[in-house]
Amino acid sequence: MSLPIILCIDDDPQVLRAIVRDLKARYREDYRIISTASVKEAQDSLTELKNRNETIAMFLTDQRMPDMDGVSYLNYAREYFPDAKRVLLTAYSDTEAAIRAINQVQLDYYLVKPWDPPEEKLYPVIDELLDDWQLNYKPPFKGIRVIGYQFSLKSHTVKDFLAGNLIPYQWLDVQSSEEATRLMTLNNFTVKDLPLVGFEDGSWLKDPGIIDVARKAGLNPQVKHDVYDVVIIGAGPAGLAAGVYGASEGLKTLLIERRAPGGQAGTSSRIENYLGFPTGLSGAELTRRAIAQVTRLGTEFISPQSVSNISQVDGYKKILLEDGTTINTRSVIITTGVDYRTLDTKGVADFTGAGVYYGAAMTEATACKDQQVFVVGGGNSAGQAAMYLSKFAKQVNILVRKEDLRSTMSAYLIDQINETPNIAVWGNTEVTEVTGSDRLENITVHHFQTDETTTHPAAALYIFIGAKPFTDWISESIIRDGKGFIATGNELKGYDHFGNIWKQTRDPYLLETSCPGVFAAGDVRAGSMNRVAAAVGEGSMAISFVHKYLAEVK
Ligand code: NDP
């Protein structure tokens, strides 16, 4: 971590050298002492230091300088670093200006030149000022900062992307953070530039696309090889497991992810039934461990990148990415999982990201502190989200169309919900409308049994109503069932046109699709078990079928 700065300014090089020498002799372990003879340079450096989220502990400046006097500089610098201590270096004859500055710029001290011996005249003063400064000093956040409106879809998308990719960031709400206002003013940003994403090197992206944020954050590296043994599409539990086994068994393996690794499981606040984790673990933690494992073993990982087509060329598979890049591979495993099912209720689309969220219980949970929130859906995802939200919200209300949760949620979660006083289950209900001004404010609920319709204030509505496969992009030669899930193995024989597509002398392998050498694993596969452990099992099994396939086409 970089040390807080003591910034010294004096146009007389000899005096500057002397003060820097004396300060370094005593403070270099705990502070970075930087200096300039040009007040102009000292002015220009402030924006950069601020954008890099550096901290200035103390300004120590000469009073008499040709371009700007010391008091004026301290006044200017106060806008950037209001908490820094301000010390003026004065000649005896400038004492009056220094005394005036005590009120004018809340000067902390004026030091009369010369300060020899420093042990007597310099260090005791500086020690006291720095001790005082340390009392209120919190080391600044080093990393990405996001400035935006709390209830904005664009801000939510950026935060969701960063959180999903396990990139730490600091959120600065433009309506409540003084630091956000300061950074906006100092950089001449306007609300049209929001959301703003600031990086450690001091640069900012205005209203960026996800791909720009990803690139700048160091994601999305270029593809390294001309031909891969296996390309895995989708980095949920199935894809990550396939990545681990592929690379560890010597295959040239590439893993491509459209948004963020972890898939649906990655957004789970607590997975309690995954083997080997008796106290449960969060989806983010599982993902973090899996990504570390997969990349350590040598799988290349590119994200965010969407695949738009797979075609067969001379026995190879050609994968076309949305940005036009093509990748050659000998086999493919599709592990694209499922996408959130959207709620088609009046107003929901208008407030998505502004109080209405899909699968975002963790990213936006702190925003619902001490408020009344609603969860739609009665499956395990909804149950976990409600448990997580109950730690922040005043009251969490689960809205389900059925009478209760018994037929849709695991018993252990129902027990936890029953034992949590600030969670209520509203059976036999559905949301009929959501309303608000620039963000969600109220939701209207219809009660089936009484036929009543009631309206309630709502800080947030979290929707967890299951998922559908994301397979529209897949070509005709890969057979899907009526709901879009990919058919594999023996099941394929039940489709009339299978015989027209499949031209091999052997039957398809267990996880093989109707296109030889293209496999499907996890939730995207028809008949999958919708369990993290099952997805992990299928991902690893798929690699053993890849070996068989590759041996046969050699
Ligand atoms: P599920 O398919 O299990 O549940 C969907 C829920 O949404 C149902 O309660 C359904 O209610 C409701 N629903 C669907 N459409 C609407 C609508 N239009 N309006 C209101 N409610 C609606 O989805 P999940 O995402 O929760 O889970 C997917 C799978 O992943 C499941 O198999 C689950 O067990 C698994 N999972 C496991 C976890 C674990 O820790 N083990 C964690 C998370 C998920 P209705 O009955 O009225 O249709």
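Residues numbered from 1 in each chain as written. Predicted model: local features only at pLDDT ≥ 70, side-chain atom pairs only at ≥ 80, totals over all residues. Heavy atoms only, no water.

A. Highlighting the pairing of strand β13 (residues 307–313). One ladder, built from six bridges, connects β13 with strand β14 (residues 316–321); its direction is antiparallel. Within the sheet, the bridge partner assigned to V313 lies in β14 and is Y316. In textbook terms, the turn of a hairpin is the stretch between consecutive antiparallel strands, and for β13 and β14 this stretch comprises two residues, one of which, D314, has a positive phi near 50°. (Pairing = 2+ DSSP bridges. Helix = DSSP H or I, 4+ residues; strand = E, 2+ residues; numbered from the N terminus.)

B. Structural view of the site of the ligand. The environment of the ligand is formed by 21 residues, the closest being G378, S381, Q384, R401 and K402. Its free accessible area being 910 Å², the ligand has 79% of it covered by the protein chains. Here the element with the most residues in the shell around the ligand is helix α13 (residues 380–389); it accounts for three residues. Here the residues of the shell around the ligand sort into five nonpolar, twelve polar and four charged. Split by domain, the residues of the shell around the ligand number at least three in each of domain 3 (227–339 + 468–553) and domain 4 (349–465). (Near = heavy atom within 4 Å. Areas by Shrake-Rupley, 256 points an atom, 1.4 Å probe, with all protein chains shown as cover. Nonpolar A, V, L, I, M, F, W, Y, C, P; charged D, E, K, R; others polar. Domains from an automatic or database assignment.)

C. Structural context of the domain arrangement of the protein. Per the domain assignment, the segments of the protein are domain 1 (5–136), domain 2 (144–216), domain 3 (227–339 + 468–553) and domain 4 (349–465). Its C-alpha centre places domain 2 at a distance of 33 Å from the equivalent point of domain 3. Interface area for domain 2 against domain 3, summed over the two sides, is near 610 Å², with a carbon-plus-sulfur share of 64%. Taken together, the connections running from domain 2 to domain 3 amount to one salt bridge. Put simply, D160 and R259 hold a salt bridge, and the shortest N to O gap is 3.3 Å. Where domain 2 packs against domain 3, one counts two residue pairs in polar contact (both at pLDDT 80 or more). (Buried area = accessible area lost by both parts, 1.4 Å probe. Salt bridge = Lys/Arg side-chain N within 4 Å of Asp/Glu carboxyl O. Polar contact = N/O pair within 3.5 Å; in protein donor to acceptor, adjacent residues only side chain to side chain.)

D. Up close: the nonpolar core. Core analysis: the largest hydrophobic core is formed by 26 residues, its most contacted members being I6, C8, I19, L23, Y27 and L60. If you tally residues by element for this core, the top one is helix α1 (residues 13–27), at seven residues. Residues contacting L23, with those up to four places away along its chain left out, are I6, C8, R28, I33, L60, L122 and I126. (Core = buried A, V, L, I, M, F, W, Y, C linked by side-chain atoms within 4.5 Å. Buried < 20%, exposed > 50% of the residue type's maximum accessible area, 1.4 Å probe, protein only. Contact = heavy atoms within 4.5 Å.)

E. Just helix α12 (residues 283–296), in detail. Between the first and last C-alpha of α12 there are 20 Å, a value that for 14 residues agrees with the 20 Å anticipated at 1.5 Å per step. Considered for burial, the residues of α12 that qualify are G283, L286, T287, A290, I291 and V294. Looking straight down α12, one finds that the buried residues subtend no more than 130° of arc, so they occupy a single side. In this structure, the buried residues of α12 make contact with α10 (237–248), β11 (253–256), α11 (263–266), β12 (300–302) and α16 (532–553). Of the residues one or two after α12, G298 is the one with positive phi, at around 110°. (Expected span 1.5 Å × (residues − 1). Arc of directions from axis to C-beta.)

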